Amino acid sequence: MKNDLIVREPELYFDSIHQELDNFLRDTFFTHTFGHPLNIIKNVTLRPAIEVIQNKEDYKVKVQLPGVKKDDIEVEIDNDFMTISAETHEEKEEKKEAEHNRRYHTSEFRYGKYQRTISFDQPIKADEADAIYKNGILTITLPKQITETKEAKKLKIKEE
């Protein structure tokens, strides 16, 4: 049995530092520029925040996915790995005049793709996994198993 529940990925800590530096530079040099579209970053994959709880029988994983619709979330389970993918889209105004003259003073909303892969110290029973999405939080229950399976399974997400 491994010492850690989740395999650590040191390079991911640097992502946070880069994000903080980007925020500092953007806030310092662009917040007072009228009409500058702030924080509109295309083709960026975001890492959603997670909470993993392990007990004797299963893992419980909570994932923050604010502003994501249930149908835009995909969960794939394969032995002792789980990958969560989602996408948010910028809402467009219906008025043509507002669309052409839209200017941002500031925008901290994030649009784009979310993806997170989590590895566990034991294989999980993909057929018995359960997922519920409520108020921007995806909660996944993953029962542990003794033997490994070779086939990946897509998990259906229910809405409460």
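Above: the structure in question.
The structure contained in this document is the topic of the report that follows.

**Observations concerning the overall build of the protein**
When you go through the protein residue by residue, the secondary structure sums to two helices and ten strands. Shown N-terminal to C-terminal, the secondary structure of the protein runs as helices and strands in the order α-β-β-β-β-β-α-β-β-β-β-β. For the protein, the residues scored as buried account for 31% of the 160 residues in total. For the protein, restricting intrachain contacts to residue pairs at least 6 apart in sequence, the fraction spanning at least 24 positions comes to 70%. Total accessible area on the protein is roughly 11500 Å²; 50% of this is exposed by carbon and sulfur atoms.

**Notes on the sheet that holds strand 3 (residues 58-64)**
Strand order across the open sheet formed by five strands is 2-3-8-7-10, with mixed pairing between neighbours. The open sheet terminates on both sides in strands that have one partner only, identified here as strand 2 (50-54) and strand 10 (157-159). Geometrically, the sheet is characterised by an average inter-axis angle of 20 degrees between neighbouring strands, direction not taken into account. With seven bridges joining them, strand 3 and strand 8 (residues 137-143) adopt antiparallel strand pairing. When the sheet's bridge partners are listed, Val 63 is paired in strand 8 with Leu 138.

**Regarding the packing of aromatic side chains**
Counted under the stated rule, the structure contains one aromatic pair. Centre to centre, the rings of Tyr 59 and Phe 120 are 4.4 Å apart; their planes meet at 35 degrees, and the pair counts as tilted. One end of the pair, Tyr 59, is in strand 3; the other, Phe 120, is in the loop between strand 6 (112-119) and strand 7 (130-134), and 61 residues separate them in sequence. Positioned over the ring face of Tyr 59 is Lys 144, at 4.9 Å from the centre of the ring.

**Points about a nonpolar patch on the surface**
Taken together, the side chains of Leu 21, Phe 24 and Leu 25 present a nonpolar region at the surface, about 290 Å² in accessible area. Mapped onto the elements of the fold, Leu 21 is located in helix 1 (residues 11-30). On the accessibility criterion, Leu 21 (46% relative accessible area) is partly exposed.

**Here's the deal with the pattern of salt bridges**
Counted by the stated rule, this structure contains six salt bridges. With a closest N to O distance of 3.0 Å, Lys 154 and Glu 74 form a salt bridge. With Lys 154 in strand 9 (residues 153-155) and Glu 74 in strand 4 (residues 73-78), this pair connects stretches of sequence that are 80 residues apart. On the basis of relative accessibility, which here comes to 52%, the residue Lys 154 falls in the exposed class. Taking relative accessible area as the criterion, Glu 74 reaches 38% and is therefore assigned partly exposed. For Asp 130, the salt bridge is made with Lys 158, and the minimal N-O distance between the two is 2.8 Å. Of this pair, Asp 130 sits in strand 7 while Lys 158 sits in strand 10, and the two are 28 residues apart along the sequence.

What counts, and where the lines are drawn
- Residues numbered from 1 in each chain as written.
- Predicted model: local features only at pLDDT ≥ 70, side-chain atom pairs only at ≥ 80, totals over all residues.
- Heavy atoms only, no water.
- Helix = DSSP H or I, 4+ residues; strand = E, 2+ residues; numbered from the N terminus.
- Buried < 20%, exposed > 50% of the residue type's maximum accessible area, 1.4 Å probe, protein only.
- Contact = heavy atoms within 4.5 Å.
- Areas by Shrake-Rupley, 256 points an atom, 1.4 Å probe, with all protein chains shown as cover.
- Pairing = 2+ DSSP bridges.
- Axes fitted to C-alpha atoms, helices over the stretch in contact; angles between N-to-C directions.
- Phe/Tyr/Trp six-rings, centres within 6.5 Å; stacked < 30°, edge-to-face > 60°.
- Lys NZ or Arg CZ within 6 Å of the ring centre and 35° of its normal.
- Patch = residues over 30% accessible without salt bridge, like charges linked within 9 Å, V, L, I, M, F, W, Y side chains within 5 Å.
- Salt bridge = Lys/Arg side-chain N within 4 Å of Asp/Glu carboxyl O.

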